[in-house]
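Each chain, letter by letter, is given below.
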Amino acid sequence: MQDYNFEEYLKRVLSNSISSQNPSEEAKKRAMKLSPSYYNDLKEKLLIEYENKSLKDVMDCRISSCSFGEVLKITKKEKINFDIGDNNFKAQMNHNLKLLPKIGLKTEEKLKNNGYATIESLKGHDKYGDEASKFMKNLDEMSFCEIIDVLDSNRYSKKCRDNVLKSISLTDEENFKFMDIETKGLSNVPIILIGVAEIKGNQIVASQYFLRDYGEEANIIDAYLSHLDEDSVHVTFNGKTFDIPFIKNRCRYNRIDANLDLAHLDLMYFAKNLWGDILPNCQLQTIERELFGIEREGDVPGQYIPGYYDTYLEKNNIGPVVPIIEHNAQDIISLASFLEKMYRDVN
């Protein structure tokens, strides 16, 4: 019986490889989607499907104005149950003695054993009293961005990364800007699409700004910036490394004065910390599939996006950019679900 089960298991494992004698349909599908010819064929099908159509024919979009002229704005709305309950996080911070300089794990344990359970209680301490008094005086007045900075700059932040997620209860959900960009390459090239999703009541509203031609890059950047203020919180997936530095670079190129040094939650790092042991990998679409049951169809990987965009310009045919826009919208909407689940998991 054990030998039979092992043989069945071995067949199942081997069938997941395209090089096996009898590959599964799933293995065939994966291999097909790694082939450049598949994406060339897909592009041709899209050109046929959307010939003589405009984006207005297939999406909710309109021309709006910005400081630099006109911009094409695409809007998508979905219902969402985004519930960030109060967890009294500032009280939790008061119990985290390690937020004070020169207090580590062992020192915190020793202080708590001596009856110093909170930073407040340390105000009368000979060594830590001044720092404790200063911290408690500032705590009530700290903005969310300042609290994120305190947590991120603490030398124990990697061990206490959950605290950053717990802290999101301190800001209004309308401040979250779930964002993602699509570009013509990895550096020093135009942004072709900027998407930002926002929580508005029981809906998540995605606004996307599409580059109709290269002369409009400043327009789409300016339109995105109109969603931001000093209380905004960027929520991205690998955005600290890629999206925000990329936008900063294109702002300099287009001579746009912008403050993008806002509070920032890059969910890729939290995903690795929370779910790295239970998922095959922590790519965005893997998380969608494994934790939320979202299976994408017709998606276009990043390496093909520049070629698809070039074809859109050459043929004056929206077909190749439709899946890029749909991909971007799904990315930013998924980020809201990720953040809400992460908050529940750490609380």
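In the block above lies the structure referred to throughout.
If you're wondering where the values come from, they're calculated on a predicted model, not measured in any experiment.

Examining the overall build of the protein
Okay, step 1: In terms of regular secondary structure, the protein is built from 15 helices and 7 strands.
Okay, step 2: Considering the protein as a whole, with its 347 residues, one finds that 50% of them fall into the buried category.
Okay, step 3: Of the contacts formed within the protein by residues at least 6 apart in sequence, a portion of 68% connects residues at least 24 apart.
Okay, step 4: Approximately 18800 Å² of the protein is accessible, and the part contributed by carbon and sulfur atoms is 45%.

Some points on the packing of aromatic side chains
Two aromatic rings, taken as a pair, are described by how far apart their centres are and by the angle between their planes.
Okay, step 1: Per the counting criterion, the structure on display carries 13 aromatic pairs.
Okay, step 2: Considering the side-chain rings of Tyr-39 and Tyr-304, the 4.5 Å spacing of their centres and the 25° angle between planes classify their relative orientation as stacked. Here Tyr-39, found in helix α3 (residues 36-49), pairs with Tyr-304, found in the loop between α13 (284-292) and α14 (305-315); they are 265 residues apart in sequence, far enough to count as distant. Summarising the burial analysis for this pair, Tyr-39 and Tyr-304 share the class buried.
Okay, step 3: With 5.3 Å between their ring centres and 50° between their planes, Phe-242 and Phe-246 make a pair best called tilted. With Phe-242 and Phe-246 both in helix α11 (residues 239-253) and 4 residues apart, the pair spans about one turn of that helix.

Quick word on the pairing of strand β3 (residues 176-183)
Okay, step 1: Taken across its 8 residues, β3 has 8 buried, putting it largely inside the fold.
Okay, step 2: Covered by surrounding structure in β3 are Phe-176, Phe-178, Asp-180 and Glu-182 together with Lys-177, Met-179, Ile-181 and Thr-183, the residues of both alternating faces.
Okay, step 3: Pairing geometry for β3 and strand β6 (residues 233-236), over 3 bridges, is parallel. Bridged to Phe-178 within β6 is Val-235.
Okay, step 4: Taken together, the 6 bridges between β3 and strand β4 (residues 191-200) define a ladder with antiparallel strand orientation.

Some words on the packing of α13 against helix α15 (residues 322-346)
Okay, step 1: Put simply, α13 and α15 touch, their axes get as near as 11 Å, and they point 55° apart. Judged by the inter-axis angle, α13 sits oblique to α15. Two packed elements cross with a definite hand, and for α13 against α15 that hand is left-handed. Residues Leu-284, Gln-285, Ile-287, Glu-288, Leu-291 and Phe-292 of α13 form the contact with α15, whose participating residues are His-327, Gln-330, Asp-331, Ser-334, Leu-335, Ser-337, Phe-338 and Lys-341.

Thoughts on the environment of Lys-56
Okay, step 1: Counting through the fold element by element, Lys-56 comes out in helix α4 (residues 55-58).
Okay, step 2: Since its relative accessible area comes to 54%, Lys-56 is described here as exposed.
Okay, step 3: Between the C-alpha atom of Lys-56 and that of Leu-72, which follows or precedes it by 16 residues, the distance is 9.9 Å.
Okay, step 4: If near-sequence neighbours (up to four positions away) are discounted, Lys-56 is found in contact with Cys-61 and Ile-63.

Focus on the pairing of β6
Okay, step 1: Side-chain alternation along β6 places Val-233 and Val-235 on one buried face and His-234 and Thr-236 on a second face that is also buried.
Okay, step 2: Two elements, β6 and strand β7 (residues 263-266), share 4 bridges in a ladder whose sense is parallel. What sits directly across from Val-235, in β7, is Leu-265.
Okay, step 3: What joins β6 to β7 is α11, and the crossover it makes is right-handed.

Considering the pattern of salt bridges
A side chain with one charge may pair with a side chain of the opposite charge, provided their charged atoms come close.
Okay, step 1: Evaluation of the coordinates by the stated rule reveals 18 salt bridges.
Okay, step 2: The residue Glu-108 makes a salt bridge to Lys-112 at a minimum N-O spacing of 4.0 Å. Here Glu-108 and its partner Lys-112 are both found in helix α6 (residues 105-113), 4 residues apart, which amounts to about one turn of the helix.
Okay, step 3: You can call Glu-108 buried: its relative accessible area is 10%.
Okay, step 4: Residues joined in a network through salt bridges with shared partners are Glu-288, Arg-296, Asp-299 and Asp-331.

Regarding the nonpolar core
Okay, step 1: Residues Phe-178, Leu-265, Leu-267 and Leu-339 are the most contacted members of the largest nonpolar core, which totals 53 residues.
Okay, step 2: Residue contributions to this core peak at 9 residues, all from α15.
Okay, step 3: Sequence-distant contacts of Leu-265, defined by excluding residues within four places in its chain, comprise Ile-148, Val-164, Ile-168, Phe-176, Val-233, His-234, Val-235, Thr-236, Phe-270 and Leu-339.
Okay, step 4: Counting residues in hydrophobic clusters, the runner-up holds 46 residues, among them Leu-46, Met-179, Ala-223 and Tyr-224.

Let's talk about the environment of Glu-49
Okay, step 1: Tracing the backbone shows Glu-49 in helix α3.
Okay, step 2: Between the alpha carbons of Glu-49 and Gly-319 there is a distance of 6.9 Å; along the sequence they are 270 residues apart.

Structural notes on unusual backbone geometry
Okay, step 1: Residue Lys-102 is not a glycine yet carries a positive backbone phi of 70°.
Okay, step 2: Here Lys-102 shows up in the loop between α5 (89-94) and α6.
Okay, step 3: Although it is not a glycine, Asn-316 sits at a positive phi angle of roughly 50°.
Okay, step 4: Take Asn-316: it is sitting in the loop between α14 and α15.

Observations concerning a negative patch on the surface
Okay, step 1: There is a patch of like negative charges on the surface, built from Asp-172, Glu-174, Asp-229, Glu-230 and Asp-231.
Okay, step 2: Turning to its location among the elements, Glu-174 is positioned in the loop between α9 (162-166) and β3.
Okay, step 3: Judged by its relative accessible area of 43%, Glu-174 is partly exposed.

The rules behind each value
Residues numbered from 1 in each chain as written. Predicted model: local features only at pLDDT ≥ 70, side-chain atom pairs only at ≥ 80, totals over all residues. Heavy atoms only, no water. Helix = DSSP H or I, 4+ residues; strand = E, 2+ residues; numbered from the N terminus. Buried < 20%, exposed > 50% of the residue type's maximum accessible area, 1.4 Å probe, protein only. Contact = heavy atoms within 4.5 Å. Areas by Shrake-Rupley, 256 points an atom, 1.4 Å probe, with all protein chains shown as cover. Phe/Tyr/Trp six-rings, centres within 6.5 Å; stacked < 30°, edge-to-face > 60°. Pairing = 2+ DSSP bridges. Axes fitted to C-alpha atoms, helices over the stretch in contact; angles between N-to-C directions. Parallel < 35°, antiparallel > 145°, perpendicular 65-115°, else oblique. Left-handed = near helix turned anticlockwise from the far one by under 90°. Right-handed = clockwise from strand over helix to strand, strands pointing away. Salt bridge = Lys/Arg side-chain N within 4 Å of Asp/Glu carboxyl O. Core = buried A, V, L, I, M, F, W, Y, C linked by side-chain atoms within 4.5 Å. Patch = residues over 30% accessible without salt bridge, like charges linked within 9 Å, V, L, I, M, F, W, Y side chains within 5 Å. Lys, Arg positive; Asp, Glu negative; His and termini not counted. Charge placed at Lys NZ, Arg CZ, Asp CG, Glu CD.

Keep in mind these values describe shape, not function.
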